[in-house]
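Structural overview for review
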Amino acid sequence: MKNEFLPRYNNRFALPIDDNKNLFVCPIENFNYNVELAVYKEYSIHNHCYLRMNKKTFIILDNDMNAYFDTKQKVKVYTFLDGSVNVLFNDKFYKTKEVKIISKQQFVQNLSKATKSKTNCSTLNKENSKNSPWRKGLPPMPSHNSTAYAYFHGC
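The notes below deal with the structure included here. (Residues numbered from 1 in each chain as written. Predicted model: local features only at pLDDT ≥ 70, side-chain atom pairs only at ≥ 80, totals over all residues. Heavy atoms only, no water.)

**Considerations on the overall build of the protein**
On a plain count of helices and strands, the protein comes out with five helices and eight strands. From first element to last, N terminus to C terminus, the protein shows the α and β order α-α-β-β-β-β-β-β-β-β-α-α-α. Residues counted as buried form 17% of the 155 residues belonging to the protein. Put simply, 50% of the contacts in the protein that link residues at least 6 apart link residues at least 24 apart. With the model as given, the accessible surface of the protein reaches about 14,400 Å², and the carbon-plus-sulfur share is 54%. (Helix = DSSP H or I, 4+ residues; strand = E, 2+ residues; numbered from the N terminus. Buried < 20%, exposed > 50% of the residue type's maximum accessible area, 1.4 Å probe, protein only. Contact = heavy atoms within 4.5 Å. Areas by Shrake-Rupley, 256 points an atom, 1.4 Å probe, with all protein chains shown as cover.)

**A short note on the pairing of strand 4 (residues 56-62)**
The buried fraction of strand 4 amounts to five of the seven residues, a majority that puts the element mostly inside the structure. As paired strands, strand 3 (residues 50-53) and strand 4 are joined by four bridges and run antiparallel to one another. By the bridge assignment for strand 4, Leu51 is matched with Phe58. Counting the residues that bridge the hairpin from strand 3 to strand 4 gives two residues, and of these Asn54 lies at a positive phi of roughly 55 degrees. Bridge count between strand 4 and strand 8 (residues 92-99): five bridges; the pairing is antiparallel. Opposite Ile60, over in strand 8, you have Thr96 as the bridge partner. (Pairing = 2+ DSSP bridges.)

**Some remarks on the pairing of strand 7 (residues 85-89)**
Burial of strand 7 is extensive: four of the five residues sit out of reach of the surface. Counting the residues that bridge the hairpin from strand 6 (residues 75-79) to strand 7 gives five residues, and of these Gly83 lies at a positive phi of roughly 95 degrees. For strand 7 and strand 8, the ladder comprises four bridges, and the chain directions are antiparallel. Bridge pairing links Val87 to Tyr94 in strand 8.

**Some points on the pattern of salt bridges**
Scanning the model with the defined rule gives one salt bridge in all. A salt bridge links Asp62 to Lys92; the shortest N-O distance between them is 3.0 Å. Here Asp62 is found in strand 4, whereas its partner Lys92 is found in strand 8, with 30 residues between them in sequence. (Salt bridge = Lys/Arg side-chain N within 4 Å of Asp/Glu carboxyl O.)

**What about unusual backbone geometry?**
The phi angle at Asp64 is positive, at roughly 60 degrees, despite the residue not being glycine. Along the chain, Asp64 falls in the loop between strand 4 and strand 5 (65-66). Within the chain, Asp91 stands out as a residue other than glycine whose phi angle is a positive 60 degrees. Counting through the fold element by element, Asp91 comes out in the loop between strand 7 and strand 8. Judged by relative accessible area, Asp91 falls into the exposed class, the value being 78%.

**Observations regarding the packing of aromatic side chains**
According to the stated counting rule, one finds seven aromatic pairs in the structure shown. Here the aromatic rings of Phe69 and Phe89 are separated by 4.7 Å at their centres, their planes lie at 75 degrees, and the arrangement is edge-to-face. Separated by 20 residues along the polypeptide, Phe69 in the loop between strand 5 and strand 6 and Phe89 in strand 7 bring together distant segments of the chain. Per residue, the accessibility class of Phe69 equals that of Phe89, and both read buried. Three or more aromatic residues joined by ring pairs form one cluster here, namely Tyr40, Tyr78, Phe80 and Phe93. (Phe/Tyr/Trp six-rings, centres within 6.5 Å; stacked < 30°, edge-to-face > 60°.)

See below:
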C-alpha cells in the first residue's frame, strides 16, 4: 500500500515543491488570537446570572458586578487561550468567575462548627437579663402639660 497508494495520491493531488516560494501568510492586522482560536460551546444560563459547565458553576460578571440576562436561549461560552471562560451575549463578552457550591451536608457541618466555637449562650443570656432595661422598670409617663402627652393622647 505504501509503495502503490502514496505515489499515486501524491501525483494526483500534491502540489509541486517550490523552494523559492514562501507559503507563510501573515494574519490581518487586527486579528485577535484569543477570540479567533478560542473553543466555544453553547450553554443555558441559570437564574439569570449563573452558568454551569464541566461540573463547575460560574457567575457572569459585567464590570466586576453581576450581569443579568433575561433569556431562555443558549449562549456561546468561549474558553480563551489563556484559560479564561467568557460568555458572548448580544455581541459583547462577559467575564466569569468560578463559584464554589457546597452541598447541604457541608453547609450543616460548617454551621455546627461555627455555633460550637461561639460562647455559651445560656450564661450570656443570664448576664444580659440582669442588665435588661425591662428589669429597671418603665420610664415615668409624661406630664399632662407636655407636648409628648398631647402627641400620644391626641390632644
